[in-house]
Amino acid sequence: MADPDSPSRQSGALIRDRLIEAAVQEFGEQGYDRTRVQDIARRAGLSTGAIYGNFRNKADLLAEAVDRGLAAAARKLDEALDRGAASTDLLEMITTDLSDPRRRTWAPLVSEALAAARRDDEVARRVHAALRRAETRLTDLVELAQQDGSLTAEVDGAACARLVLCASLGVDVLTAVNFEGPDRKAWTALMHRIFAGAAAATVRTVASVRRPAGGRSRRSG
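Residues numbered from 1 in each chain as written. Predicted model: local features only at pLDDT ≥ 70, side-chain atom pairs only at ≥ 80, totals over all residues. Heavy atoms only, no water.

Draft legend 1. Representation of the overall build of the chain in the model. Regarding its fold elements, the chain presents 9 helices and 0 strands. A total of 221 residues make up the chain; the buried ones form 37% of that total. Relative to all contacts within the chain whose residues are 6 or more apart in sequence, the contacts with residues 24 or more apart total 70%. A total accessible area of about 13400 Å² is found for the chain, and carbon and sulfur atoms account for 53% of it. (Helix = DSSP H or I, 4+ residues; strand = E, 2+ residues; numbered from the N terminus. Buried < 20%, exposed > 50% of the residue type's maximum accessible area, 1.4 Å probe, protein only. Contact = heavy atoms within 4.5 Å. Areas by Shrake-Rupley, 256 points an atom, 1.4 Å probe, with all protein chains shown as cover.)

Draft legend 2. Geometry of the packing of aromatic side chains. The full count for this structure, using the stated rule, is 1 aromatic pair. Ring geometry for Phe27 versus Tyr32: centroids 5.6 Å apart, planes at 45°, classification tilted. Exposure remark for Phe27: the relative accessible area of 0% places this residue in the buried category. Seen from the ring of Tyr32, Lys58 lies directly overhead, with NZ or CZ sitting 4.5 Å from the centre. (Phe/Tyr/Trp six-rings, centres within 6.5 Å; stacked < 30°, edge-to-face > 60°. Lys NZ or Arg CZ within 6 Å of the ring centre and 35° of its normal.)

Draft legend 3. Region of interest: the pattern of salt bridges. A complete count under the given rule lists 16 salt bridges for this structure. For the salt bridge of Arg125 with Glu122, the shortest nitrogen-to-oxygen distance reads 2.9 Å. With Arg125 and Glu122 both in helix α7 (residues 121-147) and 3 residues apart, this pair spans about one turn of that helix. Taking relative accessible area as the criterion, Arg125 reaches 46% and is therefore assigned partly exposed. A relative accessible area of 23% places Glu122 in the partly exposed class. Connected via shared salt-bridge partners are Arg16, Arg56, Asp60, Glu64, Asp67, Glu122, Arg125, Arg126 and Arg133. (Salt bridge = Lys/Arg side-chain N within 4 Å of Asp/Glu carboxyl O.)

Right under this line is the structure:
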């Protein structure tokens, strides 16, 4: 058995990386339907045999590229949490991080994957699985925020996660077609108000528990 860190294993990983990077570029520029495996191999500087030696088909390559992008985003969230970032700040960041240069590459890939999922059952299966993993991670963030009291327990975790996912994917789809706006500051302010409102509900709930009806504090004796 080859050692995990052997040169052959490392070269195999590098080949997969090159193919995925080439596929991301081709899918973004040509679209999923118009992209041929030969085009991906040529951009990667490899043979078509390298593609079929690592992926079952073009659909598998597209799904792997989406999986890798979402996994990278999840790692970014985990690293921010390790640095002490608040869960609500991360949820807000996901909906407002519109200026990341990588989004210009990622957005067309997401748009192509969603479109291809409507026509290709294999793509649909893989894309659905990737989105479920992403939504589960978002639900975990919501629950963390509820546990530390920064987000009201009245908010349904799954519904909040779906809202964040929809906002993020919507931005990607509009970015893919170069649809401009809204004003970044206005968008960020709106998202902040949404999450601040949910946090304020937590404060109101705690206050109502501590204070009896009528707004007067109870006195002992």
